[in-house]
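# Chains, contacts and geometry: an overview
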Amino acid sequence: MFENLSHLALQQYWWVIVSLLGALLVFLLFVQGGQTLIYRLGKDDLQRTLLVNVLGRKWEFTFTTLVTFGGAFFASFPLFYSTSFGGAYWVWMLILFAFVIQAVSYEFRSKPGNFLGKRTYETFLFINGLVGTVLLGAAVSTFFTGSSFSVNENNFSQWETPFHGLEAALNIQNLSLGLAVFFLSRTLAVLFFIQNVNHPDIMVRARKQLLFDAIPFLVFFLTFLAFLLLKDGFAVHPQTKEVFMEPFKYLHNLLQMPVVAILFLSGVVLVLIGILRTAFCFEKCSDYGIWLSGTGTVLVVFSLFLLAGFNHTAYYPSVFDLQDSLTIENSSSSHYTLTAMSYVSLFVPLVLAYIFFTWRALTRKRIDKSELEQESHIY
Amino acid sequence: MDPSLIDWSRAQFALTAIYHWFFVPLTLGLSFIIAFMETMYIRTGDEHWKRITKYWMTLFGINFAIGVATGIILEFEFGTNWSNYSWFVGDIFGAPLAIEGILAFFLESTFIAVMFFGWNKVGKKFHLLSTWLVAAGANLSALWILVANAWMQYPAGMHFNPDTARNEMVNFWEVLFSPVAINKFLHTVQSGYVLASVFVIGISSWYLLKKREEMLAKRSMLVAGVFGLVMSVFIIVTGDHSARLMAKYQPVKFAAMENLYEGQTHAPLVAFGMLKVNESMEEHKKEDFIFKLEIPNFLSYMAFLDANAYVPGIKDLIHGNPERNIMPTTEKIDKGRVAISALKTYKEAKKSGDTAKSDSALTLLNANFNHFGYGFLKDEHEAIPPIKLTFYSFRIMVGLGFLFVLLFIISLWLVLKNKTANKKWFYYSAICMIPLAYLATQMGWMVAEVGRQPWIIQDVMPVSAAVSKLTTGSVQVTFVLFAITFTVLLIADIKILLTQIKKGPKEGGTSHV
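Residues numbered from 1 in each chain as written. Chains lettered and ligands numbered in written order. Predicted model: local features only at pLDDT ≥ 70, side-chain atom pairs only at ≥ 80, totals over all residues.

### Description of the overall build of chain A
Helix and strand content of chain A: 17 helices and 4 strands. In terms of C-alpha radius of gyration, chain A reaches 21 Å, essentially the compact-globule figure of 21 Å for 379 residues. Seen along its three principal axes, the alpha-carbon backbone of chain A occupies a region of about 65 × 45 × 45 Å. A buried classification covers 58% of the 379 residues belonging to chain A. Taking as baseline every contact in chain A between residues at least 6 positions apart, the subset at least 24 positions apart corresponds to 78%. (Helix = DSSP H or I, 4+ residues; strand = E, 2+ residues; numbered from the N terminus. Rg over C-alpha atoms; globule rule 2.2 N^0.38 Å. Buried ≥ 20, exposed ≤ 12 C-beta atoms within 10 Å, placed from the backbone. Contact = placed C-beta atoms within 7 Å.)

Shown next as structure tokens:
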């Protein structure tokens, strides 16, 4: 089946899979966003424990999606893996540190004899929520703004600034997307809490908090979008494969790929409906906000990835030398490896199905104080 | 390349791997032990089994979280610190990592939530299934990463593509089912099963010593004793097999592990031995032993199932042995340099459109590619791994392995004969075995990884060619940060575990704040 596809078709198929994983990851970052709201929404220990426990049952999905996203990128586009991870060293290391301290914090937070104290683990969760979201957003933004690296004739890469990725923080567009992801993750977290926590005080605060995060999200996202659609983009000549700057490249991509445009606009609308419906129709229709905005988030991020990689575009541009930019064609694995991996990808629907099934089984009922009292495993 | 950058990058990877491996083996083994216990609960309906299951599940959870934390670093360090490697073999190496994520990590992370939080939310049988799926997921993830590691020890199912300047996969099944991969997977997960069994017996012994939770202790000891003993038999078989695979595919590592300088037929195995302090590669000889206790012919038999077989020593493998048709390393280095130079010529000729030149360069490259990696070595001595560490690590691992067999036999005998009372000598011994089990598994990885230096991919790429172009200072900073973070988290992990053990299980099965 897959072996009969052209190399380009397989590269596009894998870009779609990587994009989907990236999109799911951004949605699941609501766990990180929620971690930054523990003290904002939880005013006593019980409330905070409720919030941590409702997030704690989902943190592994985010973590696993991040690891799988990295693994899938490595397997399908190894030149990106070697160039970005080996080059933008500090950005990736900071992200990794943020995730290392998250993984233990849930399990250790409430355990007796936890050495550092509950507050420290809650601080770790906050750091993970802040640093993880902002840096992941900024890192994705470099797909549109470029990075300073070179690739030699043997495809060994070298970063061409001494800051090894930290320079990305000086770019307003990167910062805008980083902060947009941060506030989006908090917005989604509020919607998730509203759906899954049963505590009147938390509900009141969550309802107020929703627009406090949704409005900055929209401001930063629209700023990023304005930059994206109005700036020159990194185009690839279809025949010569030469990379050149094309005015309004990403706007052109949107217009020339109507399916992507529809996905993008649908996503934006769904995100907004999820927020507005919950904010203004709280009593009757707040339960589904997370699913509407979550689905919208997946669609928007998925289409952003497609804008970066499809339609003759360099998805990881080099501003040091345009011709060293990475495209889905010049950075991918071989036809054989992509074929083998594609067969493995057929398991993805099965994985999604059992995640959906178990997710539902564990969240049929909102979490409340009585459940914590009965539960044998508490975060 | 700056040698200090290579050493610091190595040190950082070693640090991460060592810390990660503190937690993984317990996850691998305890997941099955818990699943056995819960199965007993479902089959008998005895609430004591549920209580026992939940107790060990708590310890499992504490250990699991920190294993996950240290694991994410390892995956990404292939990119951050070994970026040339990531490209050079990413076409092959990346696939198992991605499959691990898709097939194993999601299985594990999805059902672990049901395992911990599903007691009151899903049916008993579904809960049991979830517990077994967590064990399957954990072990499946081990399969894929160990396939990847085995491929680094014995690169199979690939060819070199000069146009992309990388190795590409040509046969997925050869990668997955290479003899080294199968054996490495089995031997490694079995080491986790043995460690988890020792862990459970050690903690159970502490309860018996304190005369607390005797039912929990005896039942746990029974399950762990049987599991540990059965797995010890298998681990001896796979360990024996890995020695033969090593002798065949990584003879220098095998010679280093045995400190065998000059090759010989009827080679004896040094069961015990102590090496002199000085160790210059050129002077390194058999006489460097201060003392040794040998088993005649056993090394030849272990390596080739033939007591008469010739086992090459370090001298033969480095300086060559024409009688045995062993090529000197210097010749391999020359061939490697020819291959590297031919690749460069091929690239230039391709760029200038000189087909004849590129064809001849390609022929030369193909003829010498088997020794491509040697072209990056400074001299033949760089091909010798650290001998002392490899030699001692192997003996500590094997010695402790046999000690654990004794532990399992005695613990089973005591439980089955109902003679566990007032056996202080046994309780103390079993408790002391816990750190020794961790030591044994770490030593196993020392043999595997230190013994294959300088190669990141055996004969194809040395670590010096694989490292990312970073400043040494950057890697030093992250090394220190990792060292501090992991050490603090390890202390927290041990403190929480000890507190939890002291508290023991509550009626609900676990205890928490």
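### Section: the interface of chain A and chain B
With 64 residues of chain A at the interface, the matching set in chain B holds 72 residues. Of all the secondary-structure elements, those providing two or more residues to the side of chain A that touches chain B are α5 (59-76), α6 (78-87), α7 (89-109), β2 (157-159), α15 (335-345) and α16 (348-362) of chain A. The greatest single-element share of the side of chain A that touches chain B, amounting to 12 residues, is contributed by α7(A). Residue composition of the side of chain A that touches chain B, grouped by class: 37 nonpolar, 21 polar and 6 charged. (Nonpolar A, V, L, I, M, F, W, Y, C, P; charged D, E, K, R; others polar.)

### Some words on the nonpolar core
Core analysis: the biggest nonpolar cluster contains 301 residues, and A:Ala180, A:Phe193, B:Ile33, B:Trp56, B:Val147 and B:Trp151 have the highest contact counts within it. A total of 23 residues in this core trace back to one element, the largest contributor, which is helix α3 (residues 83-117) of chain B. Ignoring sequence-local partners within four residues, the contact set of A:Phe193 consists of A:Gly34, A:Leu41, A:Leu51, A:Val54, A:Ile202 and A:Ala206. (Core = buried A, V, L, I, M, F, W, Y, C linked by C-beta atoms within 7 Å.)

### Quick look at α15(A)
Residues A:Tyr336, A:Thr337, A:Leu338, A:Thr339, A:Ala340, A:Met341 and A:Ser345 constitute the buried set of α15(A). Packed against the buried residues of α15(A) are α1 (7-28), α5 and α16 of chain A together with α3, β2 (166-169) and α5 (172-176) of chain B.

### Concerning the confidence of the model for chain B
If pLDDT is low for a region, its predicted coordinates should not be looked at in detail. Residue and element names in this part refer to chain B. Averaged over every residue, the pLDDT of chain B is 92; residues scoring 70 or more account for 96%. The lowest-confidence element of chain B is α3, averaging 90 in pLDDT; the highest-confidence one is helix α6 (residues 179-209), averaging 97. When the criterion is pLDDT under 50, residues 508-513 qualifies, and its contacts beyond four places in sequence or with other chains add up to 21 contacts. Quick note on the complex model: pTM equals 0.92, ipTM equals 0.91. (pLDDT = per-residue confidence, 0-100.)

### A closer look at helix α1 (residues 3-44) of chain B
All names here are of chain B. Spanning 42 residues, α1 covers 61 Å between terminal C-alpha atoms, matching the ideal 62 Å at 1.5 Å per step. Within α1, the axis deviates most sharply at Trp21, by approximately 30°, and proline Pro25 lies no more than four positions further along. Looking one or two residues past α1, Gly45 carries a phi angle of roughly 70°, positive in sign. (Expected span 1.5 Å × (residues − 1). Bend = angle between axes of the 7 residues up to and from the residue.)

### Quick look at the confidence of the model for chain A
On average, residues of chain A carry a pLDDT of 94, and 100% of them reach 70 or more. Within chain A, the element-level pLDDT minimum falls on helix α13 (residues 282-285) of chain A, averaging 73, and the maximum on helix α2 (residues 30-35) of chain A, averaging 98.

### Quick look at the environment of A:Gln47
Residue and element names in this part refer to chain A. Secondary-structure assignment places Gln47 in helix α4 (residues 45-56). On the basis of neighbour count, Gln47 is assigned to the partly exposed category, with 19 C-beta atoms found within 10 Å. In this structure the C-alpha to C-alpha distance between Gln47 and Phe124, which are 77 residues apart in sequence, comes to 18 Å. Discounting residues that sit within four places of it in the chain, Gln47 has contacts with Gly42, His199, Asp201 and Ile202.

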